[in-house]
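Examining the three-dimensional arrangement
The lines below spell out each chain.
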Amino acid sequence: GNYRFPEIPPGVYEVTAAIEEFQTVTHKPVQVNVNRVTNEAFEMKPGAVTVTVEVKSTSPMTDTTGATQASSFPEQQSRELPVLTRDVNNLGLLAPGVLSVRTFSFGSTLVPFSVNGSRGRDNNFIIDSVDNNEPLFGGAATQFTNTDIIAEYNILTTQLKAEFGRNSGATVNVITKSGSNRMGGTLFWYGQHDALNARSQAEEVALLTHPARYYENQIGATLGGPIVADKTFYFVSYQWDRTRNNLSNVFPVIGTYP
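All of the points below concern the structure found in this document. (Residues numbered from 1 in each chain as written. Predicted model: local features only at pLDDT ≥ 70, side-chain atom pairs only at ≥ 80, totals over all residues. Heavy atoms only, no water.)

Another aspect to go through is the pairing of strand 13 (residues 232–245). Summarising the sheet, strand 12 (residues 214–228) and strand 13 pair through 14 bridges and their orientation is antiparallel. Directly across from Q218, in strand 13, lies its bridge partner D241. As consecutive antiparallel partners, strand 12 and strand 13 are separated by three residues, and within that stretch D230 has a phi angle of approximately 70 degrees, a positive value. (Pairing = 2+ DSSP bridges. Helix = DSSP H or I, 4+ residues; strand = E, 2+ residues; numbered from the N terminus.)

If you want it as structure tokens, here you go:
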């Protein structure tokens, strides 16, 4: 028979099929991604119920259930890939058809990229199935610079389904982490300092002998676990940012440099 389980949170699962007088079959790990159908075929042979057959399952790179072109970044990639300013939306730049837009304009506004020729403000942002669009300028209403809270980042670029009908550009789906029966968390510190930087072109034109004073620290932690086993969970995160710079010797050059 065919069985369908909708609304499954993204993650890695173990799926077991069992029936009397047949061998029990277990598939693991089964990767479930955002906005994508995961198909698993179970071949059960007659035999003792005490026999268990394990099948190592891998998620196919191509989704054969729809025409939507999408790029997905699971938890490990979202956390470990280097992204500018730690803004998770910069992961979208790794998808085909996505072009970086760094200047503030009517077409780009608060969005760091445009997709397939559309304006940046035409992209649709969703977080945990909830609208996350800035109503005036466009772009994501909530910006994420803490990549440790992301379970999966998914960007749909072409042939979107009818359920994503808000905007004509790409649709960005962000799923945040949740707690589980096992308590766990992360602790992180990211730092930048002018002593570790090279001089920029503007600093060289300003005849500075060393980079302008600049340092930034981002310190934070996450923690998740059970409140009631198998029923209720919690996940909390905190991040502290501090930045200091001194561009008094560079700003006049930036204002006149072509």
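What follows is about the sheet that holds strand 10 (residues 171–176). Here we have five strands laid out as an open sheet, ordered 4-9-10-7-8, and mixed in their pairing. The sheet terminates laterally at strand 4 (69–74) and strand 8 (130–131), the two strands that pair on one side only.

The amide bond that connects K28 to the next residue, P29, takes the cis arrangement and shows omega of -10 degrees. In this structure, E7 takes a positive phi of about 60 degrees despite not being glycine. In this structure E7 comes out as exposed when scored by relative accessible area, which is 76%. Phi angles above zero are rare outside glycine, and L207 is one such case at about 65 degrees. Structurally, the position occupied by L207 is in the loop between helix 2 (201–205) and strand 12. (Buried < 20%, exposed > 50% of the residue type's maximum accessible area, 1.4 Å probe, protein only.)

Taken together, the side chains of Y3, F5, I8 and Y13 present a nonpolar region at the surface, about 500 Å² in accessible area. Note on placement: Y13 falls in strand 1 (residues 11–17). (Patch = residues over 30% accessible without salt bridge, like charges linked within 9 Å, V, L, I, M, F, W, Y side chains within 5 Å. Areas by Shrake-Rupley, 256 points an atom, 1.4 Å probe, with all protein chains shown as cover. Salt bridge = Lys/Arg side-chain N within 4 Å of Asp/Glu carboxyl O.)

Moving on, we come to the sheet that holds strand 11 (residues 184–193). Ordered in space as 11-12-13, the three strands form an open sheet in which the pairing is antiparallel. If you trace the sheet from one side to the other, it starts and ends with strand 11 and strand 13, each paired once. Taken over all neighbouring pairs, the strand axes of this sheet differ in orientation by 5 degrees on average, direction set aside. (Axes fitted to C-alpha atoms, helices over the stretch in contact; angles between N-to-C directions.)

Moving on, we get to the pattern of salt bridges. Counted according to the given criterion, the structure contains six salt bridges. One salt bridge in this structure joins D131 and R166, with 3.3 Å as the shortest N-O distance. Placement of D131 in strand 8 and of R166 in the loop between strand 9 (150–158) and strand 10 is noted, with a sequence separation of 35 residues between them. Take D131: its relative accessible area is 47%, and that puts it in the partly exposed class. Put simply, E75, R79, E80 and K177 are held in one network by salt bridges that share partners.

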